[in-house]
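Each chain, letter by letter, is given below.
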Amino acid sequence: MLTVEEALARVLEHVPPGSAERAWLADAHGRILAEDVFSPGELPPWPASAMDGFAVRAADIPGDLRVLETVAAGGVPRHRVEPGTVTRIMTGAPVPDGADAVVMVEDSEALPPSAAGADRVRLLGAAAVGQHVRPRGSEVARGVRVLSRGQTLGAGAIGVLAAVGIPSVRVSVRPRVGILSTGDELVEPGGALGPGQIHSSNGHALAALVREAGGVPVDLGNAPDDPVAIGAAFRAALRCDLVVSTGGVSVGDYDHVKGVLKDLGLTMDFWRVAMKPGKPLAYGVLGGTPVFGLPGNPVSCMVNFYQFVRPVLRTMLGDPTPYLPVIQAEMVGRSRRRPGRAEFVRVRLFRDGDTVRAEVAGHQGSAGVLSMADAHGFALLPEAATEVAGTVAVQVFDPGFLAGAEASYRW
Ligand code: AMP
Ligand code: MG
């Protein structure tokens, strides 16, 4: 049997390079950047006022001063600020030449117009050179790298792109992942169950996992346990960038997936991985397309996806860190286990002060689907571990436990 690490290393040897495409900002959210992005201009493009108030020469403050004009955001100053004069200015407006500071409107007092009808203002306190002025290029200088290849574009990054004037960027193409379920017993949800039949759940869970990982699921349906049907389905699947099947990879009389893939010419490894749940795993490359044959048990199927398929998918997408994040947590309670295989224990996580605690989630059998819906992550138990207790490393697939239970601000 292979260890989980050995199996993962072998899988990652064969990841085909992904490709890139140009996306408009409206379609770029959540995508992975396929290029470094440099700012074509400066932000702000000119010295900008950070306040509503008066653009001044700092040395003139305090004092009674003549107001030259009013400049709003989007406007352009027409006058230079000379000694004894100021310009009324709004937030986001260009600071006129001659001014070296902005005094906010709260530090001003209106004065009656002069005898000649000039607009005047009294400015109080003192002004430091540069106050409330955002110098040209102070947020983003021209030519600096603002975003890096491999970065996932969050809302902040989308805002940066727009702010520096970039309407589209190169992002990695979402791999199309073919999903094939195999088994005579499978009926789609919504269909009536005949004797011996069950609803097919793996394909639906896998489609969600693929979407979560940034791929595009391609539903290849349910194939019966028949080598001809399974072969036809796999041939059709090869137009995808990655193929995942479930069921039929064990050693039962009706487990045809391995034989079919071998006949199709898959350069193939059939592995027994020392992990629980999810021992059997078929993996290979067919015509350049990675193909995974995952076990049919719903939990084994999802665990195998997270451990092997997801890192491949994220690597194709250009994610430099293609693994689930791991945190340390304290197990609640203590239970014994049989050593021998690495175990992925589904756990619920919760915060207890500064400690994260982990609690075994539901029934842990490989058919225990509720445990996956309940859990936030997998507690990783090494092969030799004899109990589930104490401090454990937890691979987090659902960061939902971080959400605050109460809508309160505790700074
Ligand atoms: P197999 O890997 O084909 O031996 O299947 C192992 C177990 O998983 C059996 O109980 C199957 O009925 C079940 N199973 C296989 N495929 C699916 C599926 N698509 N949805 C739900 N259960 C499945
Ligand atoms: Mg089967």
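### Some details on the side chain of T85
At step 1: Here T85 is to be found in strand β6 (residues 85–89).
At step 2: The class of T85 is buried, set by a relative accessible area of 5%.
At step 3: From its side chain, T85 meets the backbone oxygen of E82 in a polar contact 2.7 Å long.
At step 4: Once residues lying within four places of it in the same chain are set aside, the contact partners of T85 are D60, L65, R66, L68 and R80.

### A word on the packing of aromatic side chains
Given two aromatic rings, their pairing is described by the distance between the two centres and the angle made by the two planes.
At step 1: The tally for this structure, following the rule as stated, stands at 7 aromatic pairs.
At step 2: With a centroid separation of 5.9 Å and an interplanar angle of 35 degrees, the aromatic rings of W271 and Y283 are classed as tilted. Here Y283 lies in strand β20 (residues 280–286) and W271 lies in strand β18 (residues 267–272), a separation of 12 residues in the sequence. Y283 shares its class with W271; the two are buried.
At step 3: Linked through ring pairs, F305, Y306, F344, F378 and F397 together constitute an aromatic cluster.

### Some thoughts on the site of ligand 1
At step 1: Taken together, 15 residues form the shell around ligand 1, and within it E185, S200, S201, G248 and G296 come nearest.
At step 2: Between ligand 1 and S200 there is a distance of 3.2 Å, counted from a nitrogen atom to a side-chain nitrogen or oxygen.
At step 3: Look at ligand 1: alone it shows 490 Å² of surface, and the protein chains cover 76% of it.
At step 4: The set of elements that each furnish at least two residues to the shell around ligand 1 consists of β13 (176–182) and β15 (198–199).
At step 5: The residue makeup of the shell around ligand 1, split by class, is 3 nonpolar, 11 polar and 1 charged.

### Digging into the packing of helix α1 (residues 4–12) against helix α7 (residues 298–316)
At step 1: Taken N-terminus to C-terminus, the directions of α1 and α7 make an angle of 35 degrees; their axes are 10 Å apart at the nearest point. α7 is crossed by α1, and the crossing has right-handed handedness. Only Q307, F308, P311, V312 and T315 of α7 make contact with α1, whose side of the interface consists of V4, A7, L8, V11 and L12.
At step 2: Taken together, the residues of the contact of α1 with α7 break down into 8 nonpolar, 2 polar and no charged.

### Some thoughts on the domain arrangement of the protein
At step 1: Domain annotation for the protein reports domain 1 (4–16 + 175–316), domain 2 (21–43 + 139–172), domain 3 (48–134) and domain 4 (326–403).
At step 2: The distance between the C-alpha centroids of domain 1 and domain 2 comes to 35 Å.

### What to know about the pairing of strand β22 (residues 326–331)
Within a regular beta strand, the side chains point alternately toward one face of the sheet and then the other, so they alternate between its two faces.
At step 1: Bridging between β22 and strand β28 (residues 391–396) involves 5 bridges; their strand directions are antiparallel. Looking across to β28, one finds that A329 is bridged to V392.
At step 2: Pairing analysis gives 2 bridges linking β22 to strand β25 (residues 355–360), with the strands arranged parallel. The partner of M331 across the bridge, within β25, is A358.

### Concerning the environment of P45
At step 1: Assignment of secondary structure puts P45 in the loop between β2 (37–38) and β3 (48–49).
At step 2: Take P45: its relative accessible area is 44%, and that puts it in the partly exposed class.
At step 3: Between the C-alpha atoms of P45 and V164, which are 119 residues apart in sequence, the distance is 9.6 Å.

### Description of helix α4 (residues 202–212)
Three- or four-residue spacings in an α-helix give side chains the same orientation, since the helix completes a turn every 3.6 residues.
At step 1: Those residues of α4 not exposed but buried are N202, G203, L206, A207, L209 and V210. Projected down its long axis, α4 shows its buried positions confined to an angular sector of 165 degrees, all on one face. For α4, the exposed residues lying more than 90 degrees away from the buried face are R211 and E212.
At step 2: Where α4 is buried, its residues contact β13, β16 (216–223), β17 (242–246), β21 (289–294) and α7.
At step 3: Immediately beyond the C-terminal end of α4, within one or two residues, lies G214, with a positive phi of roughly 100 degrees.

### As for the sheet that holds strand β7 (residues 101–104)
At step 1: Read from one edge of the open sheet, 6 strands run β7-β4-β6-β5-β9-β8, paired in mixed fashion. The sheet terminates laterally at β7 and β8 (108–110), the two strands that pair on one side only. On average, each strand axis in the sheet is tilted by 40 degrees relative to the strand beside it, whichever way the strands run.
At step 2: As paired strands, strand β4 (residues 53–56) and β7 are joined by 4 bridges and run antiparallel to one another. Within the sheet, the bridge partner assigned to V56 lies in β7 and is A101.

Scoring rules and cut-offs
Residues numbered from 1 in each chain as written. Chains lettered and ligands numbered in written order. Predicted model: local features only at pLDDT ≥ 70, side-chain atom pairs only at ≥ 80, totals over all residues. Heavy atoms only, no water. Helix = DSSP H or I, 4+ residues; strand = E, 2+ residues; numbered from the N terminus. Buried < 20%, exposed > 50% of the residue type's maximum accessible area, 1.4 Å probe, protein only. Polar contact = N/O pair within 3.5 Å; in protein donor to acceptor, adjacent residues only side chain to side chain. Contact = heavy atoms within 4.5 Å. Phe/Tyr/Trp six-rings, centres within 6.5 Å; stacked < 30°, edge-to-face > 60°. Near = heavy atom within 4 Å. Areas by Shrake-Rupley, 256 points an atom, 1.4 Å probe, with all protein chains shown as cover. Nonpolar A, V, L, I, M, F, W, Y, C, P; charged D, E, K, R; others polar. Axes fitted to C-alpha atoms, helices over the stretch in contact; angles between N-to-C directions. Left-handed = near helix turned anticlockwise from the far one by under 90°. Domains from an automatic or database assignment. Pairing = 2+ DSSP bridges. Arc of directions from axis to C-beta.

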